[in-house]
Amino acid sequence: MREQFPWFFDPTEKELQRLWNEATFSFDANVLLNLYRVDRETTEDYFKIFRAFGDRIFLPHEAANQFFHNRRGVIRTEQNSFSEAKQRVENWAERRRGFDNLKEQLRSGDGGKNIGKIIEEEIRDEIENVFDSDEGYEEAVETARDDLIERIEDLEERFTPTGTTRANAEEDEILDKLMDIFEGRTGNALDQSMEKLKGEARERYESKQPPGYEDYDGEDEMSRGECEDFLIWKQLMEFAEAEDRDVVFITGEKKNDWWEVDSEHNIIRPRHELLRELGRKTEQVFWMLTTEQMLSGAHKRMGIDVKNKSVKQTEGVSNEDLKMGKERKYYMKEKEMRIQRIRKPILEASKRLYQLREAMEKVKNENKNYNKKNIYRYLSLLESSIVEISDRHDYLDEVKLNAIKMNSEEIRRSISERNIGEALELYEKLKYHIDDITESMEAKIKEVYG
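Small disclaimer: the values here were computed from a predicted structure and weren't measured.

Can you explain the environment of Glu183? Please cite residues and give values.
Among the structural elements, Glu183 can be located in the loop between α8 (173-182) and α9 (194-206). Expressed as a C-alpha distance, the spacing of Glu183 and Phe58, which sit 125 residues apart in the sequence, is 9.8 Å.

Shown next as structure tokens:
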């Protein structure tokens, strides 16, 4: 039976060791993108494994294409996570420092609106005792803030590729190493037209033939993004047939259209349909490993010194995309994640724009509890979003982006000159330009993802 139905059987220990010794190891884009999401020591473990395979290494053309399309976004997202963490610590410290204002708020008169003499007189001593007994409160807040920010900056240093800043994606030591490793080992594009490939993918997806059907939304117009897993699979089969090589595919994907899983969504083994299809088409053996299995297997099967921390860190990265709440136990589809990465900075800019207008209106209406510092704060946040839009959206019209930058600078000038009325007029122009690039963004999403 094993000979007649080999795709239903896992490799024996001997067969698995032979694959590690002889097969070609091929990689999904997410394996390479992981290099920007783990620290330097773990990155080096990845590269030790890549190099140990020697010429038994292959990168499908579509995987390389996905890597390059997503690389800058991953770098920017990871860099922003450190900035966001530091900003949250600063905000926390600011809220804690503001606790001292409670003394004024619990007094009658101008400081404590709606607080009468009874409260002030009867609990005044208690109020003073609470605050005076903890004179080092503010100093403790400052110390905690500094310690946390120092820790975040230490993590940022460890997770940033040596000799680079992740904000500058063009100075990239990781990319240089990958180019050396995969030089001459990256496949060619498929020679069929994209329309023909989409038609082939649709036929497979409608019959739930793996892989990739979970990315298909069933709409009449299939996007290229919905075909990506199918394109990689087709290129793997062409490679195995042309090179007469067994293939082990390493991927961070954990969707049901690649893997057989149990009721808790734990991976059991590759889909038997994949093993059968490649075996029949090429007469070669196919197997799959998760990225974590590659790391632990390289230590066991090839004697490579791989740190336990590297495996755990990779597991953490893999689990980030998994939503395991009570209401939802599915992986976020790759397409949805990519669309979210495109939309996020522009939606963030729109949010900051609304907050900026509110702040300017309050100052214009002479709200005593509001001052120009709030305007500058929201303006700075807006300008940060604009920089992120510029870095992430290469396809947007540079003239439009420059108009947005110029408008924000003019608003800052108007505020510094105490001309809130003019700043509000300039706001309307800025809103027009951001609405304009929002339309461009949605058009791009429709073009790429359908």
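Just give me the short version of the packing of helix α3 (residues 40-52) against helix α12 (residues 291-302), but keep the residues and values in it.
For the pair α3 and α12, interaxial distance at closest approach is 11 Å and the crossing angle is 60 degrees. The orientation of α3 with respect to α12, classified from their angle, is oblique. When you trace α3 past α12, the crossing you get is left-handed. Each of Tyr46, Ile49, Phe50 and Ala52 in α3 lies in contact with α12, whose residues at this interface are Thr291, Met294, Leu295, Ala298 and Met302. For the contact of α3 with α12, a count of residues per class yields 8 nonpolar, 1 polar and no charged.

Which residues make up the pairing of strand β5 (residues 267-270), and what values do they have?
Inspection of the sheet shows strand β4 (residues 259-261) paired to β5 by 3 bridges, in the antiparallel sense. Considered in β5, the bridge of Val261 is made with Ile267.

Report on the packing of α9 against helix α10 (residues 228-243), specifying residues and quantitative values.
Running from amino to carboxyl end, α9 crosses α10 at an angle of 100 degrees, the nearest separation of the two axes being 10 Å. In terms of their interaxial angle, α9 and α10 are classed as roughly perpendicular. Along the contact surface, α9 presents Met194, Leu197, Glu200, Ala201, Arg204 and Tyr205, while α10 presents Phe230, Leu231, Trp233 and Lys234. Each residue belonging to the contact of α9 with α10 can be placed in one class, and the counts come to 7 nonpolar, no polar and 3 charged.

Tell me what's going on with the packing of aromatic side chains, and back it up with residues and numbers.
Scanning the entire structure with this criterion turns up 19 aromatic pairs. Both rings, one in Phe249 and one in Trp258, keep their centres 5.3 Å apart while their planes meet at 35 degrees; by these two values the pair is tilted. By the burial criterion, Phe249 is buried, and Trp258 matches it. Among the aromatic residues, ring-to-ring pairing joins Trp20, Phe25, Phe27, Tyr46, Phe47, Phe50, Phe53 and Phe182 into one connected group.

Summarise the pattern of salt bridges; cite the residues concerned and give the values.
Under the counting rule described, the total for this entry stands at 24 salt bridges. Residue Lys309 is joined to Asp39 by a salt bridge in which the shortest nitrogen-to-oxygen separation is 2.9 Å. One end of the pair, Lys309, is in helix α13 (residues 308-320); the other, Asp39, is in the loop between α2 (29-33) and α3, with 270 residues separating them in the sequence. Residue classification places Asp39 among the buried residues on the basis of a relative accessible area of 2%. Asp257 is the partner of Lys255 in a salt bridge, and the nearest nitrogen-oxygen pair spans 3.7 Å.

Quick rundown of the sheet that holds strand β6 (residues 286-290)? Include the residues and the values.
Spatially, 4 strands are ordered β2-β1-β3-β6 in an open sheet, and the strand pairing comes out parallel. One side of each edge strand has no neighbouring strand; the edge strands of this open sheet are β2 (57-58) and β6. Across 5 bridges, the pairing between strand β3 (residues 247-251) and β6 is parallel. Within β6, the position partnered with Ile250 by the bridge is Leu289.

Conventions used here
Residues numbered from 1 in each chain as written. Predicted model: local features only at pLDDT ≥ 70, side-chain atom pairs only at ≥ 80, totals over all residues. Heavy atoms only, no water. Helix = DSSP H or I, 4+ residues; strand = E, 2+ residues; numbered from the N terminus. Axes fitted to C-alpha atoms, helices over the stretch in contact; angles between N-to-C directions. Parallel < 35°, antiparallel > 145°, perpendicular 65-115°, else oblique. Left-handed = near helix turned anticlockwise from the far one by under 90°. Contact = heavy atoms within 4.5 Å. Nonpolar A, V, L, I, M, F, W, Y, C, P; charged D, E, K, R; others polar. Pairing = 2+ DSSP bridges. Phe/Tyr/Trp six-rings, centres within 6.5 Å; stacked < 30°, edge-to-face > 60°. Buried < 20%, exposed > 50% of the residue type's maximum accessible area, 1.4 Å probe, protein only. Salt bridge = Lys/Arg side-chain N within 4 Å of Asp/Glu carboxyl O.

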